[in-house]
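# Coordinates in review
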Amino acid sequence: MSKAKVRTRFAPSPTGYVHIGNIRSAIFPYLIAKNAGGKFILRIEDTDRARFVADAEKVLEDVMLWLGLQWDEGPVVGGPFAPYHQTERQDIYIKWAQKLIDKGLAYADPYSAEELQKMREEADANKRPFVYREHRPENPPEWKVGMPLRFKQTDLKSWHWHDAVMGDLSAGPEALDDFILIKSDGLPTYNFAHIVDDAEMETTHTTRGVEYVSSTPNYLALYEALELTPPIFVSFPHILRPDGKKKLGKRDGAKSVTEYREEGYLPEAMLNFLATLGWNDGTEQEIFTMAELMDKFEIGRIQRSGARFDENKLIWMNGQWIRRLPVEELYTQSEGFWPASSGTWVGPDLPAYKKQILGLMQDRLKTLGDLRTGTDYFFADPAVDLQMMTGDKKLKSFSEAELADLLQRTVTKLNDTEWTSEKIQDSLNELLVETGKKPVQLFSLIRIALTFAPFSPALNETMVVLGKNVVLARLNRAIEALTSD
Ligand code: GLU
């Protein structure tokens, strides 16, 4: 196959929120296609009407675009094989189903739900797996929409196939059954529809989770019956819980991609993290840009064994990405993450001020959400909390009068200081010598008096950003609180 002919697809079912595993199933085929200069298709597998969630597709598309996974064909953008929603492709499935009926390879399932249930219970009671083909009706009625249509397995043989990730695989005839092609609601099952669509859409690689491997013999039988050449199968390893013991489930702490986004994870970090969940380039490199991923992604380096989901690694990566981004870019992404007080700030140029703050905070942010909780004091005077000063571990040995005196000396010193970070640092150092206090004591006191926050960036730089007037006013407020009774 010429590389440019590579066509991959992401085929989500809009049945709920987008979890980590769903979206990794979009990233890998995207990278396979882009690495080859091929096309990436988005197809919406919306045939399960009972589990359909109305806004799930929109959320999913937003998440994909946020991560930079623009599809070449699919909803919104269209393409040569439109429509890309399975519910709009019913005629196509019926046409392919008719081919099978004509060849005697599909038949109407005449049983009622109760009858089927009874057969299942009997199999259970005999401790045997339920196999439909053992109950295949001798003279099935003519099939009409409204009845389930089943595939007729005519050749009960062992299947051998190759999976580009999992290697050579095989399964015996017990894996084969007369599965449903078209349900009684007239819509196709996944088992049938994805094969028809992958063929119609000229998909070269069928990419999906490893959980589909056990059904592959049934798919292979169907490919043969439809006289289709199967695509290259690419099965992705499971995503495991942090302890590596089980598949990651909804209850194991992984949030939906939207939740991570709302907490202030950068799309670059999320993409990087997910692309390396079960894939590496063979080196120790951990930080990859989209361009590098597109360049380096190889199916051969997708791992077979499960990949552990480690949220701490995601947090670390997010921090790495926050530090890498130019402040301008970080500023654009920071929209929506600032504290409410930023809206009431009275200075002249809010964007420039926010960029200054970002420059200061960049090295210490884990998520953009930290801006909301950790930058309030840049925009509004924090409430004076006497206890925070007097009760601080490093300051406990000082009386209120001593603390007030230290702050007073600071005010006097800073009053005569030129307002640059170097000059402020010089003054702070002089104060240390003059007062004979330790940096952890004096600087903690000043920091608390200025911010009343548990953390802040370097004191001198914070002071530059806050401005001289604000700094002196806040120190004076703290002195007042310490000296009034
Ligand atoms: N609609 C299937 C799912 O969401 C897609 C599996 C596949 O990619 O073929 O699991």
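See above for the structure.
Below or above, wherever it landed, is the structure these notes cover. Since this is a predicted model, take the numbers as computed values, not measurements. (Residues numbered from 1 in each chain as written. Predicted model: local features only at pLDDT ≥ 70, side-chain atom pairs only at ≥ 80, totals over all residues. Heavy atoms only, no water.)

### Side note on the packing of aromatic side chains
Tallied over the full model, the rule gives 16 aromatic pairs. Both rings, one in Phe 151 and one in Phe 179, keep their centres 5.4 Å apart while their planes meet at 45°; by these two values the pair is tilted. Within this pair, whereas Phe 151 is found in strand β4 (residues 149-151), its partner Phe 179 is found in the loop between β6 (167-171) and β7 (180-182), the two being separated by 28 residues in sequence. Residue classification places Phe 151 among the buried residues on the basis of a relative accessible area of 2%. Measuring from centroid to centroid gives 5.0 Å for Trp 279 and Phe 297, while their planes differ by 25°, and the two rings are stacked. Residue Trp 279 is located in the loop between α8 (267-275) and α9 (290-296), and its partner Phe 297 is located in the loop between α9 and β11 (307-308); the two are separated by 18 residues in the primary sequence. Accessibility assignment for this pair places Trp 279 and Phe 297 in one class, buried. (Phe/Tyr/Trp six-rings, centres within 6.5 Å; stacked < 30°, edge-to-face > 60°. Helix = DSSP H or I, 4+ residues; strand = E, 2+ residues; numbered from the N terminus. Buried < 20%, exposed > 50% of the residue type's maximum accessible area, 1.4 Å probe, protein only.)

### Notes on the site of the ligand
Around the ligand, the neighbouring residues are Arg 9, Ala 11, Pro 12, Ser 13, Glu 45, Tyr 190, Thr 207, Arg 208 and Tyr 212. Take Arg 9: an N or O atom from its side chain is 2.7 Å from an oxygen atom of the ligand. One of the backbone N or O atoms of Ala 11 is found 2.8 Å from a nitrogen atom in the ligand. Burial of the ligand by the protein chains amounts to 80% of its free accessible area of 290 Å². Looking at the shell around the ligand, its residues break down into four nonpolar, two polar and three charged. (Near = heavy atom within 4 Å. Polar contact = N/O pair within 3.5 Å; in protein donor to acceptor, adjacent residues only side chain to side chain. Areas by Shrake-Rupley, 256 points an atom, 1.4 Å probe, with all protein chains shown as cover. Nonpolar A, V, L, I, M, F, W, Y, C, P; charged D, E, K, R; others polar.)

### Thoughts on the sheet that holds β7
One open sheet accounts for three strands, arranged β3-β4-β7; its pairing is antiparallel. Looking at strand neighbours, the two that pair on one side only are β3 (106-108) and β7, the edges of this open sheet. In this sheet, neighbouring strand axes are inclined to one another by 40° on average, regardless of whether the strands run parallel or antiparallel. The pairing of β3 with β4 spans three bridges and is antiparallel. Looking at the pairing, Ala 108 lines up with Leu 149 of β4. The strands touched by helix α3 (residues 90-102) are β3, β4 and β7; relative to β7, the strand with the most contacts, the crossing angle is about 130°. (Pairing = 2+ DSSP bridges. Axes fitted to C-alpha atoms, helices over the stretch in contact; angles between N-to-C directions. Contact = heavy atoms within 4.5 Å.)

### Some words on the side chain of Ser 25
With respect to the helices, strands and loops of the structure, Ser 25 is situated in helix α1 (residues 20-35). Apart from the residues within four sequence positions on either side, Ser 25 is in contact with Phe 10 and Phe 236.

### Observations concerning the pairing of strand β5 (residues 159-163)
Burial along β5 is one-sided: Trp 159, Trp 161 and Asp 163 are buried, while His 160 and His 162, pointing the other way, are not. Here β5 pairs with β6 via five bridges, running antiparallel. Within β6, the residue paired with Trp 159 across the bridge is Ala 171. Adjacent in sequence and paired antiparallel, β5 and β6 are bridged by three residues.

### Here's the deal with the side chain of Thr 417
When you line up the elements, Thr 417 lands in the loop between α16 (400-415) and α17 (421-435). On the basis of relative accessibility, which here comes to 6%, the residue Thr 417 falls in the buried class. Not counting residues within four places of it along the chain, the set of residues in contact with Thr 417 comprises Lys 423, Ile 424, Ser 427 and Lys 468.

### Observations concerning helix α6 (residues 216-225)
Of all 10 residues in α6, nine are buried, a share of seventy percent or more. Listed as buried for α6 are Thr 216, Pro 217, Asn 218, Tyr 219, Leu 220, Ala 221, Leu 222, Tyr 223 and Ala 225. Two residues or fewer past α6, Glu 227 is found with a positive phi of approximately 55°.

### What about the pattern of salt bridges?
Pairs may arise between side chains of opposite charge once their charged atoms sit close together. Inspection of the entire model under this criterion finds 27 salt bridges. Asp 198 is paired through a salt bridge with Arg 43; the nearest N and O atoms lie 2.8 Å apart. In this pair, Asp 198 is assigned in helix α5 (residues 190-200) and Arg 43 in the loop between β2 (39-42) and α2 (56-67), connecting sequence segments 155 residues apart. A single burial state applies to Asp 198 and to Arg 43, both of which are buried. When salt bridges that share partners are traced, they join Arg 9, Arg 43, Glu 45, Arg 89, Asp 197 and Asp 198 into one network. (Salt bridge = Lys/Arg side-chain N within 4 Å of Asp/Glu carboxyl O.)

### Considering the nonpolar core
The biggest cluster of nonpolar side chains holds 135 residues, and the ones touching the most others in it are Met 64, Leu 100, Leu 181, Phe 192, Phe 378, Leu 407 and Met 463. Take this core: its biggest share by element is nine residues, from α1. If we ignore the near neighbours within four places in the chain, the residues touching Phe 192 are Tyr 93, Trp 96, Ala 97, Leu 100, Leu 181, Ile 182, Leu 222 and Leu 226. (Core = buried A, V, L, I, M, F, W, Y, C linked by side-chain atoms within 4.5 Å.)

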